[in-house]
Amino acid sequence: MRSWLNSLILAALVLAAPCAWAQSRVDQLSGATTPLAGTETIPTCQGCNSSTPLVATPVPSLWNGPNTWADPILCCNASGSWAPPTTGTISASSNSLTVANASGWIVGQGIWIYGAGTSGGNFFTSVTAISGTTFTLAANAGTSVTNAFVQSLAATTTGSGSSSSNPTQLTVASDAGWSVGMGINVTGAGASSANLITSISSCGVSSGPCTSTTFVLATSILTTVSGATVQHDDTAAVQEALNNYLAVKLRYGNYNISSALDITSPNLLVGDGTGATFLWNLGKTNDSIYVTYSCNEATTERTCGGFRLADFQIIQLTASPTAGYAIHYAYNGTSGFYVQNGIAENIVISGTYFGIGIGSNVIIDWFRDITIANTVGGGIYYDNPSPAGDVEWTDISETFVSAPTDGCFYVVSSDTQVVTDLKCNQGGSEPIELHGGGTVANIRFVNPSIEGYTGDYAMDLTDTNNIVVVGGELYQQYSASGTFNLTGASGYVILGVNGHGTGAPIQAGTVYNYISSPQSGSGGQPLCSESNGQLYVGSGGSC
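Everything quoted here is computed from the prediction, not taken from an experiment.

### Quick look at the packing of aromatic side chains
Right, so step 1: Applying the stated criterion across every chain, the model contains 19 aromatic pairs.
Right, so step 2: With 6.5 Å between their ring centres and 65 degrees between their planes, Trp112 and Tyr114 make a pair best called edge-to-face.
Right, so step 3: Classification of Trp112 by relative accessible area gives buried; the value is 4%.
Right, so step 4: With 6.5 Å between their ring centres and 50 degrees between their planes, Tyr325 and Tyr381 make a pair best called tilted. Taken as a pair, Tyr325 in strand β23 (residues 325-329) and Tyr381 in strand β29 (residues 378-383) lie far apart in primary sequence, 56 residues in all.
Right, so step 5: Of the residues examined, Tyr325 reaches a relative accessible area of 16% and is grouped as buried.
Right, so step 6: Tyr381 gets classed as partly exposed once you look at its relative accessible area, which sits at 21%.
Right, so step 7: Taken together, Tyr293, Phe307, Tyr329, Phe367, Tyr382, Trp393, Phe409 and Phe445 form an aromatic cluster joined through their ring pairs.
Right, so step 8: The aromatic ring of Trp366 is capped on one face by Arg368, whose charged end is 4.1 Å from the ring centroid.

### Some thoughts on the pattern of salt bridges
Right, so step 1: This model, assessed by the stated rule, comprises 4 salt bridges.
Right, so step 2: Note that Asp272 is salt-bridged to Lys249, the shortest N-O span being 3.1 Å. Placement of Asp272 in the loop between β18 (268-271) and β19 (277-281) and of Lys249 in strand β15 (residues 247-250) is noted, with a sequence separation of 23 residues between them.
Right, so step 3: Connected through salt bridges with shared partners, the residues Arg308, Glu345 and Arg368 form a single ionic network.

### Description of the environment of Thr420
Right, so step 1: Relative to the elements of secondary structure, Thr420 occurs in strand β32 (residues 417-425).
Right, so step 2: As a C-alpha pair, Thr420 and Ile396 span 24 residues in sequence and 7.9 Å in three-dimensional space.
Right, so step 3: Residue contacts for Thr420: discarding those within four places in its chain leaves Glu392, Trp393, Thr394, Asp395 and Val446.

### Some remarks on helix α3 (residues 235-244)
Right, so step 1: Listed in full, the buried residues belonging to α3 are Thr235, Ala237, Val238, Gln239, Ala241 and Leu242.
Right, so step 2: Packed against the buried residues of α3 are α2 (72-76), β15, β16 (253-257), β17 (261-263) and β18.

### Overview of unusual backbone geometry
Most peptide bonds take the trans configuration, and most residues that are not glycine carry a negative phi.
Right, so step 1: Cis peptide bonds are those with omega within 30 degrees of zero, and the linkage from Ser386 to Pro387 qualifies with 20 degrees.
Right, so step 2: Of note, Pro387 is situated in the loop between β29 and β30 (391-399).
Right, so step 3: Of note in the backbone geometry, Ser119 takes a positive phi value of approximately 55 degrees without being a glycine.
Right, so step 4: Looking at the element boundaries, Ser119 is found in the loop between β5 (110-113) and β6 (123-131).
Right, so step 5: You can call Ser119 exposed: its relative accessible area is 75%.
Right, so step 6: A positive phi is found at Asn442, a non-glycine position, where the angle reads about 65 degrees.
Right, so step 7: One can find Asn442 in strand β34 (residues 441-446).

### Considerations on the state of the cysteines
Right, so step 1: Here the structure, examined in full by the defined rule, presents 2 disulfides.
Right, so step 2: In this model Cys203 forms its disulfide with Cys210; the gap between the sulfur atoms is 2.1 Å. Taking the torsion about the sulfur-sulfur bond, which here is approximately -80 degrees, the covalent link between Cys203 and Cys210 counts as left-handed. Pair check on accessibility: Cys203 and Cys210 agree, each one buried.
Right, so step 3: In this model Cys408 forms its disulfide with Cys424; the gap between the sulfur atoms is 1.8 Å. Given an S-S torsion of about 70 degrees, the disulfide between Cys408 and Cys424 has right-handed geometry. One end of the pair, Cys408, is in the loop between β30 and β31 (409-413); the other, Cys424, is in strand β32, with 16 residues separating them in the sequence. Here the two residues Cys408 and Cys424 agree in accessibility, since each one is buried.

### Thoughts on the sheet that holds strand β21 (residues 295-296)
Right, so step 1: What the 3 strands build is an open sheet, ordered β21-β24-β27; its pairing is mixed. Both edges of this open sheet fall to β21 and β27 (362-363), since each of them pairs with a single strand only.
Right, so step 2: Bridge count for strand β24 (residues 337-340) against β27 is 2 bridges, and the pairing is parallel. From the neighbouring strand, Val339 faces β27, where its bridge partner is Val362.

### Re the sheet that holds strand β3 (residues 86-90)
Right, so step 1: Read once around its circumference, the closed barrel built from 6 strands follows the order β3-β4-β7-β6-β5-β8, with strand pairing classed as antiparallel. This sheet shows a mean twist of 45 degrees between the axes of neighbouring strands, independent of strand direction.
Right, so step 2: Of the pairings in the sheet, the one linking β6 to strand β7 (residues 134-137) comprises 4 bridges and is antiparallel in character. Across the sheet, the residue bridging to Val127 is Leu137, located in β7.

### Concerning the pairing of β23
Looking down a regular strand, the side chains alternate between one sheet face and the other.
Right, so step 1: With respect to burial, β23 is a largely interior element, 5 of its 5 residues being buried.
Right, so step 2: The pairing of strand β20 (residues 289-291) with β23 spans 3 bridges and is parallel. By the bridge assignment for β23, Ile289 is matched with Ile327.

### Structural notes on the environment of Tyr353
Right, so step 1: For Tyr353, the location among the structural elements is in the loop between β25 (342-350) and β26 (354-358).
Right, so step 2: Taking the C-alpha atoms as reference points, Tyr353 and Gly377, separated by 24 residues in sequence, lie 5.2 Å from one another.
Right, so step 3: Every residue in contact with Tyr353, bar those within four places of it in the chain, is listed here: Pro321, Thr322, Ala323, Gly324, Thr375, Val376, Gly377, Gly378 and Thr405.

### Topic: the nonpolar core
Right, so step 1: With 70 residues, the main nonpolar core has Leu309, Tyr329, Ile356, Phe367, Trp393 and Phe445 as its most contacted residues.
Right, so step 2: If we skip the residues at most four places from it in the chain, Tyr329 touches Val291, Phe307, Leu309, Val339, Ile343, Ala344, Gly357, Ile358, Gly359, Val362, Asp365 and Phe367.
Right, so step 3: Val186, Ile200, Phe215 and Val230 belong to the second largest nonpolar core, which has 18 residues in total.

### Some thoughts on the side chain of Ser288
Right, so step 1: Within the secondary structure, Ser288 sits in the loop between β19 and β20.
Right, so step 2: Looking at Ser288, the relative accessible area reads 0%, which means it is buried.
Right, so step 3: When near neighbours in sequence (up to four residues on either side) are disregarded, Ser288 contacts Ile257, Ser259, Ala260, Leu261, Asn281, Ile314, Tyr325 and Ala326.

What counts and how
Residues numbered from 1 in each chain as written. Predicted model: local features only at pLDDT ≥ 70, side-chain atom pairs only at ≥ 80, totals over all residues. Heavy atoms only, no water. Phe/Tyr/Trp six-rings, centres within 6.5 Å; stacked < 30°, edge-to-face > 60°. Buried < 20%, exposed > 50% of the residue type's maximum accessible area, 1.4 Å probe, protein only. Helix = DSSP H or I, 4+ residues; strand = E, 2+ residues; numbered from the N terminus. Lys NZ or Arg CZ within 6 Å of the ring centre and 35° of its normal. Salt bridge = Lys/Arg side-chain N within 4 Å of Asp/Glu carboxyl O. Contact = heavy atoms within 4.5 Å. Disulfide = S-S within 2.5 Å. Pairing = 2+ DSSP bridges. Axes fitted to C-alpha atoms, helices over the stretch in contact; angles between N-to-C directions. Core = buried A, V, L, I, M, F, W, Y, C linked by side-chain atoms within 4.5 Å.

The following block contains the structure:
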């Protein structure tokens, strides 16, 4: 089972999607222009803050957004460095990696090797030399791996600087992959040894690719560092594009972020596919994407606009995050305003603390084709009380090698939502947990596929109202309890659900057709017990 999970996660990481908005591209690492298939043209950049829009000629059949759009690589100094994924073999305590395919890789490229870190964790460093299919890395692997997944990253190096002598000067091991204006993240060089996040003012040149390993930074080093990890930081570049343009295209590549990208207007944030555009989260407590774009419920849809997030992958680069969501919807706090008419689709999330978080005043939004893997806290955390709701979840897949804190679908409060084709495979806590207490109501689950290990129930419906489960497979292995917990639930309907596993209450491998008592709790026909495949129904409101 665990081997299957690992294979599924790797498949999600390497799956490449076609570039629907293909165009020529200027690579920030090599300076080369790469023509791609398609007829879309690159705009002449005026800078993110320019009043002159970035106008492209889109492919009409593929691009549904406005003609004015921003490219953070070309116009806002995002790194966007990219090389095709490959596989590689390396021994513990060695910095020599043999890859299956070195095409597209260059010196200075950041690199991420699955399972080659300390105690089998993921390993990231940079490429310092390439000879055929042999890469020399800037650091030694912690674990031997064979034919492991290898993913490119934005350029990574090491650097040293003083807080007292020339505090804006950083001396790095390699300038490959760096240009003036790029964001930079220097580990431990900020106040009280926090990371210093700033940009490069000059590096042997005043514009363009660096020609010197002496970087002049836009802000001063506050803590002296030696041999510190130095990474690109694209947060400001992408945020600047979002602030100034309604449509932002993250072309294939790697984008490092250390704080949340804020969606405060009806933006389109679109990548080239989940195997092509990667957002790497460098922080341990921040959201990756934070949506506060809200409009008044009475506002017409024409002026409200909505927003769309699509076709990219969010991955946690640093280990052991302690807070934060990959995608977090939370309205701006203004009375009568709602996060509404948003679409998030074809997105892969891996390793963050939580996958998707939904706060209050979220209404009429759609999540579809979302894959969540190995988040620490859980997959979806939903706390959106009435009068919001009308949220649609379609084709949500979640896999966990280790047990998340709060499972696949954790609901604190809710109003109307529909969950169709939720697939969950996990250990530990209950996969679907609806906290109840009179605050969870009006949820329909259609065809769920749940496989758990040691949690009490596959679906905990305690003290909930009007929960409907139609079809699906629920398998709770090694549980002393069973498939459903219906304690205090009312108004529920369970139709055609296949329950499997161990434990007594409401399980045994049969197809159930359960209809509970009315929400009022009087005069209905409550579920009392099941015997030999037959449902026993009481009368007069009691058993």
